[in-house]
Amino acid sequence: MKIVQNIQKAGQAIMQKAIVHAPDRYVTGGKPDPLASSDDALIGAPIARLDGPAKVRGEARYAAEFPLDGMVYAALVYSTVARGRIVSIDSEAAQAAPGVVLVLSHQNAPKMAPPPVLMREPLGGSGDALPVFQDDQVHWNGQPVALVLADTQEQADYAAGLVRVRYEAIDAVTTMEAARAAGIEVGSFMGQPLQDTVGDAEAALAGAAHRVDAVYRTPRHNHNAIELHALTVAWAGDLLRIHDATQALANTAFTLAKVFGIDQEQVHVTSPFVGGGFGGKLVWQHHILAAAAARVAGRPVRMMLSREGVYRVAGGRAPTEQRVAIGADRDGRFTSLIHSGVTVMTAHNAFPEPFIHNAQASYAAGAIKLEVQKVNMDMLANVAMRAPGESVGSFALESAVDELAEQLGIDPIVLRRRNEPVQDPTKGTPFSSRHLIEAYRAGAQAFGWQDRHVAPGRRLEGEWLVGLGCASAVFPYYRMDGGAARIVMGRDGHIAVTVAGHEMGMGTATAQTQLCAARFGLPLEKVSFAYGDSKMPGMVMAGGSQQTAAIAAAVKAAHEAMCAELLKLAGRDSPLAGLRAEQVGSRDGGLYKLEDSGRWESYAAILARAGRDHVEVTAEAPAAQESLHWSMHSYGAIFCEARVNVVTGEPRVTRLLGSFDCGRILNPKTAASQLRGGMVMGLGAALMEETHFDGRNGRIANPSLSEYHVPAHLDVPQIDVMWLDIPDPHAPAGMRGIGEIGITGTMAAIANAIYNACGKRVRELPITLDKLM
């Protein structure tokens, strides 16, 4: 098996090199998408969310809002030791409690296979690879050890509190020091080692005229989507039906099929509305347990985790310890860039926090050394959390750049401009489209950067010291393979587009309806867009800010297939007779010859002449080659005004502005919401968010929003966003991702502004008043 895997890896490496060196015209994205430069009024229109009225009226059903006949409710019992074995489970009192239907544990659970883990198998969707309720082993403090089903949620919760579990604890690895002692190795992300080397960076650093060399630390973070993790599940024979809160439909179906030993087609997952995902709405042990309990009890099951349950069962962002060292000559040009450090994960997951991603593409440097090492702890498996790697990595990198700018006596923006690369610094590939300097220029003017005092602590307003800071944001463009779309065109010219996509609050239905309407030259009301069902075409995950591009590429392929079908139906009497699909485009509800707009015919006329009520096509997106051939990223310049109280040390952010280069913006209303939302999360991470992990017993000590602080309305200042709206010629419709670029760079901009305000450099998040006193 290993030999086969090695051969496959070698083949993939050869193919990737071939794509890098191939002529542009042979690579996906080599020919610009016509929509990238289209003047269609729907591209860039600030259309309100099409699903907004349904949400306001309470008609949009979420995973825990599907009533099923005979449904029972589930509650979990969590372990209280970090490592060990279960000696006994006393469930007698729970089983005798009112309304209880079942108490499930490893003693009576059905046989289930370990779940395929995310990032290790192509469609793996589980946060960890541990078998569930198959033995007496405990792997983390908070692991589910029993489940109770009852007629009401209150009865299930009460009975769960009656279950008594005895453990035999063994020594657990619950501190960074113990984890380091147990072994450290280079992490791997998406099958590639998190390691890059160009020249001898350590030697270049030692010989640099100016240098900074510091360690930055970021804490654990937990997911706190407004919708709790939930699902409603039922069996019909060997068919498993799930209403889920997920951002990975196909992965969920595949993972649960493997666990229960059935075909993927026997698992039907729907998820039309999700109240926030951010990387955490994947398959966790509560999914497997709810499905297992439903099978044993023979009744539908609803499980909604409590807020504490989310902290116990669904992983979040791992802590990091990062060294950033930059050497520069007397003019401030980087001669050395080192970004390395350690992050934490478990032995049963595959997600080291990839905090070097920004450094791979941000700055030109004579020598570069990048590396992420990982250690294992006995804890809940960590997982992606909005901009995994880029968010916390940019805090360290962009703080170090700010420190070097002060040492050199150079404006931080000037220093960044001076080290702007002309090609990808580590891969050597050309940039597809990079306008970060223009974003800085526009943002600095709008923000009033010229009013910044060079020396810290110079601006005092009452009892508040005021400072300005900035930071760069870089987030890679992704488009995962597997996108597909089905389009049905009716005789009236209406099209129904179907894609297994996700709506987690970002406005998927709205943006994609706009895009499809523009692609087919139709008004908005002539397009319907269906999504959120694993039975629909495609395997599109809502992650990596790639869903819009993945769906756009699939719809583009389906449009080409539809054009070919319509031309077959057009016949000899059509103005389009004799034309091929690549010779036509869409406008005004029909097809036209690209080089002769007078040769046009409506969709309705083509179908009527052919005697067809409708025509249907399904197409897959082409292989995602563009990001191998070009260096493709979204970019941003984040500006912050912060205040520090001279009496209490309290920090406050009073202004934020983000100036972005994300390709073409499809809908400015939904885009602004995404960008602002990311910046709010960055503010929370900078000033307050921290999971308190008790190193004595491996337990999360603040599993609630009363103790784990996130920004409230009064914490969030005025946030302005702007963008260049320059299409990327190699991306579908000229667009790149916007979902995660907002959080990237925001933490560093805040830290740099706080330093400019009071002169105290904080290298460990969150920046709380005790660190500023």
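Residues numbered from 1 in each chain as written. Predicted model: local features only at pLDDT ≥ 70, side-chain atom pairs only at ≥ 80, totals over all residues. Heavy atoms only, no water.

A.B. asks: Got a sec to walk through the sheet that holds strand β26 (residues 596-602)? Specific residues and values, please.
C.D. replies: With respect to topology, three strands assemble into an open sheet ordered β24-β25-β26, the strand pairing being antiparallel. Across the chains shown, the open sheet's two edge strands, defined by having one partner strand only, are β24 (584-587) and β26. Within the sheet, the average angular offset between the axes of one strand and its neighbour, ignoring direction, is 35 degrees. Its contacts with the sheet place helix α16 (residues 603-610) against β24, β25 (590-593) and β26, and it is angled at close to 55 degrees to β26. (Pairing = 2+ DSSP bridges. Helix = DSSP H or I, 4+ residues; strand = E, 2+ residues; numbered from the N terminus. Axes fitted to C-alpha atoms, helices over the stretch in contact; angles between N-to-C directions. Contact = heavy atoms within 4.5 Å.)

A.B. asks: Break down the nonpolar core for me, with residues and values.
C.D. replies: In this structure, Ile 326, Phe 334, Leu 687 and Ile 750 are the most contacted members of the largest nonpolar core, which totals 73 residues. In this view, Ile 326 contacts Leu 205, His 210, Arg 211, Val 212, Phe 334, Ser 336, Leu 337, Ala 400, Val 401 and Leu 404; residues no more than four positions away in its chain are not counted. Grouped together as the second largest cluster of nonpolar side chains are 49 residues, Val 72, Phe 133, Ala 253 and Leu 282 included. (Core = buried A, V, L, I, M, F, W, Y, C linked by side-chain atoms within 4.5 Å. Buried < 20%, exposed > 50% of the residue type's maximum accessible area, 1.4 Å probe, protein only.)

A.B. asks: Any details on the environment of His 713? Residues and values, ideally.
C.D. replies: Residue placement: His 713 occurs in the loop between β31 (699-700) and β32 (718-723). Using a relative accessible area of 78% as the deciding quantity, one classes His 713 as exposed. The spacing of His 713 and Asp 51 is 662 residues in sequence and 24 Å in space, taken between C-alpha atoms.

A.B. asks: An account of empty space enclosed by the protein is needed here, citing residue identities and associated values.
C.D. replies: Here the structure, examined in full by the defined rule, presents five cavities of 30 Å³ or more. Residue lining of the largest cavity: 20 residues in total, with Arg 220, Asn 222, Met 379, Leu 380 and Ile 700 positioned closest to the centre. Here the residues of the lining of the largest cavity sort into nine nonpolar, eight polar and three charged. There is about 90 Å³ of room inside the second largest cavity. Lining the second largest cavity are 13 residues, with Pro 131, Phe 133, Asp 135, Gln 137 and Gln 143 sitting closest to its centre. Taken together, the residues of the lining of the second largest cavity break down into six nonpolar, six polar and one charged. (1 Å grid on protein atoms, 1.4 Å probe; cavity = no way out; pocket = protein on both sides within 12 Å on 5 of 7 lines; lining within 4 Å. Points joined across faces, edges and corners; volume = space filled by probe spheres on them. Nonpolar A, V, L, I, M, F, W, Y, C, P; charged D, E, K, R; others polar.)

A.B. asks: For helix α13 (residues 436-447), give the residues involved together with the corresponding values.
C.D. replies: The α-helix winds at 3.6 residues per turn, so residues separated by three or four positions along the chain end up facing the same way. End to end, α13 covers 16 Å across 12 residues, agreeing with the expected 16 Å (1.5 Å per residue, within 8%). Within α13, burial applies to Leu 436, Ile 437, Ala 439, Tyr 440, Gly 443, Ala 444 and Phe 447. Seen from one end, α13 has its buried residues packed into an arc of 150 degrees, which puts them on one side. Turned more than 90 degrees away from the buried face of α13, the exposed residues are Arg 441 and Gln 445. Elements in contact with the buried residues of α13: α12 (412-418), β20 (464-476), β28 (633-645), β29 (651-661) and β32. Looking one or two places after α13, you find Gly 448, whose phi comes out positive at around 85 degrees. (Expected span 1.5 Å × (residues − 1). Arc of directions from axis to C-beta.)

A.B. asks: Residues and numbers for the sheet that holds strand β19 (residues 460-461), please.
C.D. replies: Read from one edge to the other, the open sheet built from five strands follows the order β19-β20-β28-β29-β32, with strand pairing classed as mixed. Of all strands in the sheet, those bounded by a partner on one side alone are β19 and β32. Note that β20 and β28 share 13 bridges and pair antiparallel. Looking at the pairing, Val 466 lines up with Arg 643 of β28. Across the sheet, helix α18 (residues 668-687) lies against β28, β29 and β32, angled at about 130 degrees from β32, the strand it touches most.

A.B. asks: I'd like a description of a nonpolar patch on the surface, backed by residues and values.
C.D. replies: Side chains of Leu 460, Val 646 and Val 647 sit close together on the surface and give an oily, nonpolar patch of about 280 Å² of accessible area. Within the fold, Leu 460 resides in strand β19. Take Leu 460: its relative accessible area is 52%, and that puts it in the exposed class. (Patch = residues over 30% accessible without salt bridge, like charges linked within 9 Å, V, L, I, M, F, W, Y side chains within 5 Å. Areas by Shrake-Rupley, 256 points an atom, 1.4 Å probe, with all protein chains shown as cover. Salt bridge = Lys/Arg side-chain N within 4 Å of Asp/Glu carboxyl O.)

A.B. asks: I'd like a rundown of the packing of helix α15 (residues 547-570) against α16, residues and numbers included.
C.D. replies: Between α15 and α16, the least distance of the axes is 9 Å, while the angle of their chain directions is 50 degrees. Considering their axes alone, α15 and α16 lie oblique with respect to each other. Considering the relative orientation of α15 and α16, their crossing is left-handed. Contacts between α15 and α16 involve Leu 566, Leu 569 and Ala 570 from the former and Tyr 603, Ile 606, Leu 607, Arg 609 and Ala 610 from the latter. Grouping the constituent residues of the contact of α15 with α16 by class yields seven nonpolar, no polar and one charged. (Parallel < 35°, antiparallel > 145°, perpendicular 65-115°, else oblique. Left-handed = near helix turned anticlockwise from the far one by under 90°.)

A.B. asks: How would you sum up the layout of surface pockets? Please name residues and give values.
C.D. replies: One number sums up the size of the second largest pocket: a volume of about 940 Å³. In this structure, the second largest pocket is lined by 35 residues; those nearest its centre are Asp 33, Pro 34, Arg 519, Lys 556 and Glu 560. Where the lining of the second largest pocket is concerned, the elements lending two or more residues are α14 (508-520), α15 and β24. The element best represented in the lining of the second largest pocket is α15, accounting for six residues. Across the lining of the second largest pocket, the residue classes tally to 15 nonpolar, nine polar and 11 charged.

A.B. asks: So what about the environment of Phe 273? Which residues, and what values?
C.D. replies: Mapped onto the secondary structure, Phe 273 falls in the loop between β14 (267-270) and α8 (285-297). The exposure class of Phe 273 is buried, given its relative accessible area of 13%. Measuring from C-alpha to C-alpha, the distance between Phe 273 and Tyr 62 comes to 5.4 Å, with 211 residues separating the pair along the chain.

A.B. asks: Pulling in residues and values, what's your account of the side chain of Glu 503?
C.D. replies: By the secondary structure assignment, Glu 503 is in the loop between β22 (495-498) and α14. Side-chain polar atoms of Glu 503 contact the backbone nitrogen of Met 506, separated by 3.1 Å. A distance of 3.3 Å separates the side chain of Glu 503 from the backbone nitrogen of Gly 507, its partner in a polar contact. For Glu 503, the contacting residues outside a window of four places in its chain are Arg 49, Asp 51, Lys 55, Pro 272, Phe 273, Val 274, Thr 508, Ala 509 and Tyr 531. (Polar contact = N/O pair within 3.5 Å; in protein donor to acceptor, adjacent residues only side chain to side chain.)

A.B. asks: Could you give an account of the packing of helix α7 (residues 249-260) against α8, with specific residues and numbers?
C.D. replies: Closest axis-to-axis distance for the α7/α8 pair is 11 Å, and the angle between their directions is 50 degrees. On the basis of their axis angle, the class for α7 and α8 is oblique. Note on packing geometry: the crossing formed by α7 with α8 is right-handed. On the side of α7, the interface is formed by Leu 256, Val 259 and Phe 260, while α8 contributes His 287, Ile 288, Ala 291, Ala 292 and Arg 295. Residues of the contact of α7 with α8, tallied by class, amount to six nonpolar, one polar and one charged.

A.B. asks: Account for the side chain of Ser 472, naming residues and giving values.
C.D. replies: Tracing the backbone through its elements, the reader meets Ser 472 in strand β20. In terms of polar contacts, Ser 472 uses its side chain to reach the side chain of Tyr 440, at 2.8 Å. Discounting chain neighbours no more than four positions away, the residues touching Ser 472 are Tyr 363, Ser 394, Glu 398, Arg 416, Leu 436, Tyr 440, Gly 636 and Gly 745.

A.B. asks: Can you break down the pattern of salt bridges residue by residue, with the values?
C.D. replies: Applying the stated criterion across every chain, the model contains 39 salt bridges. With its nearest N and O atoms 2.9 Å apart, the salt bridge here joins Arg 323 to Asp 213. With Arg 323 in strand β16 (residues 320-328) and Asp 213 in strand β11 (residues 210-218), this residue pair connects regions lying 110 residues apart in the sequence. Residue Asp 213 is classed as partly exposed on the basis of its relative accessible area, which comes to 45%. Here Glu 398 ties to Arg 416 by a salt bridge, and the two come within 2.8 Å at their closest N and O atoms. Taken together, the residues Glu 398 in helix α11 (residues 390-408) and Arg 416 in helix α12 connect sequence positions 18 residues apart. A relative accessible area of 1% means that Glu 398 is categorised as buried. Via salt bridges that share partners, Arg 459, Glu 461, Glu 641, Arg 643 and Arg 655 belong to a single interconnected network.

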